[in-house]
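Here is what each chain is made of, one letter per residue.
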Number of protein chains: 2
Amino acid sequence: MTQEEARVLVCNQAFYDAFARRDLAAMDRLWASDAAVTCFHPGWDLLIGRDAVMASWRAILRDEGPPIEASRERAFVAGDAAFVVCLEGLRGGEPSLAATNIFTREHGEWRLVHHHAGHLAQPAARPRMPGAN
Amino acid sequence: MTQEEARVLVCNQAFYDAFARRDLAAMDRLWASDAAVTCFHPGWDLLIGRDAVMASWRAILRDEGPPIEASRERAFVAGDAAFVVCLEGLRGGEPSLAATNIFTREHGEWRLVHHHAGHLAQPAARPRMPGAN
């Protein structure tokens, strides 16, 4: 793993920490302020723009359910852009969501520009590959 | 829209065209050959590496179901990286999947490094935002 991949993973973990602590201020700081931001929460329509994305986090972080944690994180860096793929699940449980988090370097720091989380479930429109779980 | 965003959208459309035509050779050319590639098909586990990703497309493109098409595409470019968010649905139907496609510039051409498609459905682990559909 390169140093920059490790830095992106630190930022990705900070995102899940803010999520688990329901820390809206920390969540706000983790998202880009200059670049355009977008978000696909599981089952939601696409959210476009910082106002819509942060409003979604205000609604989500009010929820009192068990915290979500990431696992099997992998980071990929290309210049001033990076992305992390990982699984998400309720703490202590099996992963139930697949996540793609995209980052950009803004003022020297990695910041989120896109979060996409979707259910790990039986696909409807595409066949499963033999042996896939 | 910038010229580069338009170029990324052309590449994104080429991906859905190859998907609809079940054209494995075209699909193969659209994916990066130098950069690491990953893929989350809806409900599948994470696929890592070109061999696993192309094996998944071989399996998917054998299917004889109606073609999938993209809608509401938006492109975001940051240097030599870019991503497109869009919706996917069976041709003529309502969108049923949310997609995030990440590209990198390789030998002067935009190439896919990650595809993530997940169902637009009722979320289980997170609350819905009031008014979200």
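Not measured: the values here are computed from a predicted model.

The rules we used
Residues numbered from 1 in each chain as written. Chains lettered and ligands numbered in written order. Predicted model: local features only at pLDDT ≥ 70, side-chain atom pairs only at ≥ 80, totals over all residues. Heavy atoms only, no water. Pairing = 2+ DSSP bridges. Helix = DSSP H or I, 4+ residues; strand = E, 2+ residues; numbered from the N terminus. Contact = heavy atoms within 4.5 Å. Axes fitted to C-alpha atoms, helices over the stretch in contact; angles between N-to-C directions. Expected span 1.5 Å × (residues − 1). Buried < 20%, exposed > 50% of the residue type's maximum accessible area, 1.4 Å probe, protein only. pLDDT = per-residue confidence, 0-100. Buried area = accessible area lost by both parts, 1.4 Å probe. Salt bridge = Lys/Arg side-chain N within 4 Å of Asp/Glu carboxyl O. Polar contact = N/O pair within 3.5 Å; in protein donor to acceptor, adjacent residues only side chain to side chain. Nonpolar A, V, L, I, M, F, W, Y, C, P; charged D, E, K, R; others polar. Phe/Tyr/Trp six-rings, centres within 6.5 Å; stacked < 30°, edge-to-face > 60°.

A.B. asks: Hey, could you go over the sheet that holds strand β3 (residues 68–78) of chain A for me, with residue numbers and the actual values?
C.D. replies: Residues and elements named next belong to chain A. With mixed pairing, the 6 strands of this open sheet are ordered in space as β2-β1-β6-β5-β4-β3. Two strands lie at the open edges of the sheet, namely β2 (47–48) and β3, each paired on one side alone. Both strand β1 (residues 38–40) and strand β6 (residues 109–119) contribute to a ladder of 3 bridges, which runs parallel. Bridge pairing in β6 links T38 to H114. Seen against the sheet, helix α1 (residues 3–21) touches β3, β4 (81–90), β5 (97–106) and β6 and runs at an angle of roughly 150° to β3.

A.B. asks: Quick one: what's the story with helix α1 (residues 3–21) of chain B, residue by residue and with numbers?
C.D. replies: Residue and element names in this part refer to chain B. When the terminal C-alpha atoms of α1 are compared, their 27 Å separation across 19 residues agrees well with the 27 Å that a helix rising 1.5 Å per residue should span. For α1, the complete set of buried residues consists of E4, E5, V8, L9, C11, N12, F15, Y16, A18 and F19. Buried positions along α1 lie against α2 (24–30), α3 (50–61), β3 (68–78), β4 (81–90), β5 (97–106) and β6 (109–119). Positioned one or two residues after α1, R22 has a phi angle of 55°, which is positive.

A.B. asks: Lay out the confidence of the model for chain A with the relevant residues and their values.
C.D. replies: Where the model shows low pLDDT, its predicted coordinates should not be examined in detail. All names here are of chain A. Confidence along chain A averages 89 in pLDDT terms, with 90% of residues attaining 70 or more. When the criterion is pLDDT under 50, residues 122–133 qualifies, and its contacts beyond four places in sequence or with other chains add up to 34 contacts. Interface predicted TM-score (ipTM) for the complex: 0.86; the corresponding pTM is 0.89.

A.B. asks: Quick one: what's the story with the interface of chain A and chain B, residue by residue and with numbers?
C.D. replies: Interface size, as often reported, equals the accessible area lost upon joining of the parts. Between chain A and chain B, the residue contacts involve 54 residues of the former and 54 residues of the latter. Contact between chain A and chain B buries roughly 4,400 Å² in total, counting both sides, with carbon and sulfur atoms accounting for 66%. Connecting chain A to chain B are 2 salt bridges. Of the charged contacts in the structure, one is a salt bridge between D45(B) and R72(A), with a shortest N-O distance of 3.4 Å. At the surface where chain A touches chain B, the tally comes to 6 residue pairs in polar contact (both at pLDDT 80 or more). Counting only elements with at least two residues in the side of chain A that touches chain B, the list comes to β1, β2, α3 (50–61), β3, β4, β5 and β6 of chain A. Broken down by class, the residue content of the side of chain A that touches chain B amounts to 34 nonpolar, 13 polar and 7 charged.

A.B. asks: Go over the sheet that holds strand β1 (residues 38–40) of chain B with me, naming the residues and quoting the values.
C.D. replies: Residue and element names in this part refer to chain B. Here we have 6 strands laid out as an open sheet, ordered β2-β1-β6-β5-β4-β3, and mixed in their pairing. What marks the edges here is a single partner per strand, and that holds for β2 (47–48) and β3. Here β4 runs beside β5; their pairing, made up of 8 bridges, is antiparallel. Bridge assignment links V84 to a residue of β5, and that residue is N101. Along the sheet, α1 makes contact with β3, β4, β5 and β6, crossing β3 at roughly 150°.

A.B. asks: Lay out the packing of aromatic side chains with the relevant residues and their values.
C.D. replies: All names here are of chain A. Summed over the entire model, instances satisfying the criterion amount to 10 aromatic pairs over all chains. Relative to F83, the ring of F76 lies with its centre 4.9 Å away and its plane at 20°, an arrangement referred to as stacked. No difference in accessibility class separates F76 from F83, as the two residues are buried. Among the aromatic residues, those joined into a cluster by ring pairs are F15, Y16, F19 and W57.

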